[in-house]
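These are the residues of each chain, in order.
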Amino acid sequence: MADTSGVLDAGAADVGWLLDAAPSPTGSLVLAHGAGAAMDHVTMTAIAAAVAAAGLDVFRFNFPFMQAGRRRVDSKAIAVATIEAAVNKARSLHRIGPLLLGGHSFGGRMASHAVLESVSVDGLVFCSFPLHPAGKPGIERAAHLAAIEAPMLFLSGTRDALATPDLLRDVVSRLRGGATLYWLDTADHGYRVQKRLRERTDSVFHEMAERIAAFARDL
């Protein structure tokens, strides 16, 4: 197996990357972090570990703003260039099956722009797509999604303050036939769940990985 960590030339800056290798891979997922948590944050680590256990190699990376310790996110141009570099590196490590691209919140939204501008992948995975700011319902951030031809999987918590259920359901229903919306019961934007109300007893990360692996198999 290739190296499991390293430094990536993202154009605007050098950024770190990590690879979680699946024991018996059936595909790969390039996973971008959100606006407030780096690639090695506990949530990103939990998602990557669960997805790798479900059979997909997971390639994580930092955006330049996070690598430098800045709070303000990178511009779309810098984010897209970083994602392109990450996908190219992940492709060189890719072993088998479909190559997916996605991310949590900001990372997923930037991944969608990257696919429209320069990046070719087999499918997109949105973990908590940030449809609108908290308390300000709207669908402007999703206007570009209709132009995407790749299959898309949306994993959204039923308590996500950045994705009003009715609005997100309507947005996804209007996308091309390959768009699927899966609800994570009682989860919020950061995957905190209400255990007493949640029907499933396994972790939300296992549930996410299960759906991502099924999405990859369908491709």
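A short tour of the structure in this document, coming up.

1. What about empty space enclosed by the protein?
- Here the structure, examined in full by the defined rule, presents 1 cavity of 30 Å³ or more.
- Taken as a whole, the largest cavity spans an internal volume of roughly 50 Å³.
- Residue lining of the largest cavity: Leu19, Ser28, Leu29, Val30, Asp57, Phe59, Ala90, Leu93, His94 and Leu99, and that is the complete set.
- Of all elements in the fold, only strand E3 (27-32), strand E4 (56-61) and helix H3 (76-93) reach the threshold of two or more residues within the lining of the largest cavity.
- Looking at which element gives the most residues to the lining of the largest cavity, the answer is E3, with 3 residues.
- Broken down by class, the residue content of the lining of the largest cavity amounts to 7 nonpolar, 2 polar and 1 charged.

2. Observations concerning the pairing of strand E2 (residues 14-20)
- Counting buried positions over the 7 residues of E2 gives 5, a clear majority of the element.
- Where strand E1 (residues 5-9) lies against E2, 5 bridges are found, and the strand directions are antiparallel. Looking at E2, one finds that Asp9 is bridged to Asp14.
- Between E1 and E2, which pair antiparallel and follow one another directly, the connecting turn spans 4 residues, one of which, Gly11, has a positive phi of 90 degrees.
- Judged from the 4 bridges that link them, E2 and E4 form a sheet pairing that is antiparallel. Within the sheet, the bridge partner assigned to Asp20 lies in E4 and is Val58.

3. Some details on the packing of H3 against helix H4 (residues 106-117)
- Relative to each other, H3 and H4 sit at 80 degrees, their axes nearing to 9 Å. By the angle between their directions, the pair H3 and H4 is classed as roughly perpendicular. Taking contact as the criterion, the partners of Lys76, Ala79, Val80 and Ile83 in H3 are, on H4, Phe106, Gly107, Met110, Ala111, His113, Ala114 and Glu117.
- Looking at side-chain class alone, the contact of H3 with H4 contains 7 nonpolar, 2 polar and 2 charged residues.

4. Topic: the side chain of Thr82
- Checked against the element boundaries, Thr82 lands in helix H3.
- Assessed through its relative accessible area of 0%, Thr82 is described here as buried.
- Residues contacting Thr82, with those up to four places away along its chain left out, are Leu8, Ala10, Val15, Phe61, Asn62, Phe63 and Pro64.

5. A word on the pattern of salt bridges
- On inspection of all chains with the given rule, the structure shows 13 salt bridges.
- Put simply, Glu207 and Arg200 hold a salt bridge, and the shortest N to O gap is 3.9 Å.
- Given a relative accessible area of 2%, Glu207 falls into the buried group.
- Judged by its relative accessible area of 27%, Arg200 falls in the partly exposed class.
- Where Glu210 meets Arg200, a salt bridge forms, and the shortest distance between an N and an O atom there is 3.2 Å. Of this pair, Glu210 sits in helix H6 (residues 204-218) while Arg200 sits in the loop between strand E8 (179-184) and H6, and the two are 10 residues apart along the sequence.

6. A closer look at the packing of aromatic side chains
- Applying the stated criterion across every chain yields a total of 9 aromatic pairs.
- Between Phe63 and Phe65 the ring centres are 6.3 Å apart and the planes differ by 15 degrees, which places this aromatic pair in the stacked class.
- The exposure class assigned to Phe63 is buried, which follows from its relative accessible area of 0%.
- With 6.1 Å between their ring centres and 90 degrees between their planes, Phe65 and Phe106 make a pair best called edge-to-face. Within this pair, whereas Phe65 is found in helix H2 (residues 64-67), its partner Phe106 is found in helix H4, the two being separated by 41 residues in sequence. Across the pair, Phe106 and Phe65 agree in class, each one buried.
- Through a chain of ring-to-ring contacts, three or more aromatic side chains come together here, namely Phe61, Phe63, Phe65 and Phe106.

Reading guide: rules and limits
Residues numbered from 1 in each chain as written. Predicted model: local features only at pLDDT ≥ 70, side-chain atom pairs only at ≥ 80, totals over all residues. Heavy atoms only, no water. 1 Å grid on protein atoms, 1.4 Å probe; cavity = no way out; pocket = protein on both sides within 12 Å on 5 of 7 lines; lining within 4 Å. Points joined across faces, edges and corners; volume = space filled by probe spheres on them. Helix = DSSP H or I, 4+ residues; strand = E, 2+ residues; numbered from the N terminus. Nonpolar A, V, L, I, M, F, W, Y, C, P; charged D, E, K, R; others polar. Buried < 20%, exposed > 50% of the residue type's maximum accessible area, 1.4 Å probe, protein only. Pairing = 2+ DSSP bridges. Axes fitted to C-alpha atoms, helices over the stretch in contact; angles between N-to-C directions. Parallel < 35°, antiparallel > 145°, perpendicular 65-115°, else oblique. Contact = heavy atoms within 4.5 Å. Salt bridge = Lys/Arg side-chain N within 4 Å of Asp/Glu carboxyl O. Phe/Tyr/Trp six-rings, centres within 6.5 Å; stacked < 30°, edge-to-face > 60°.

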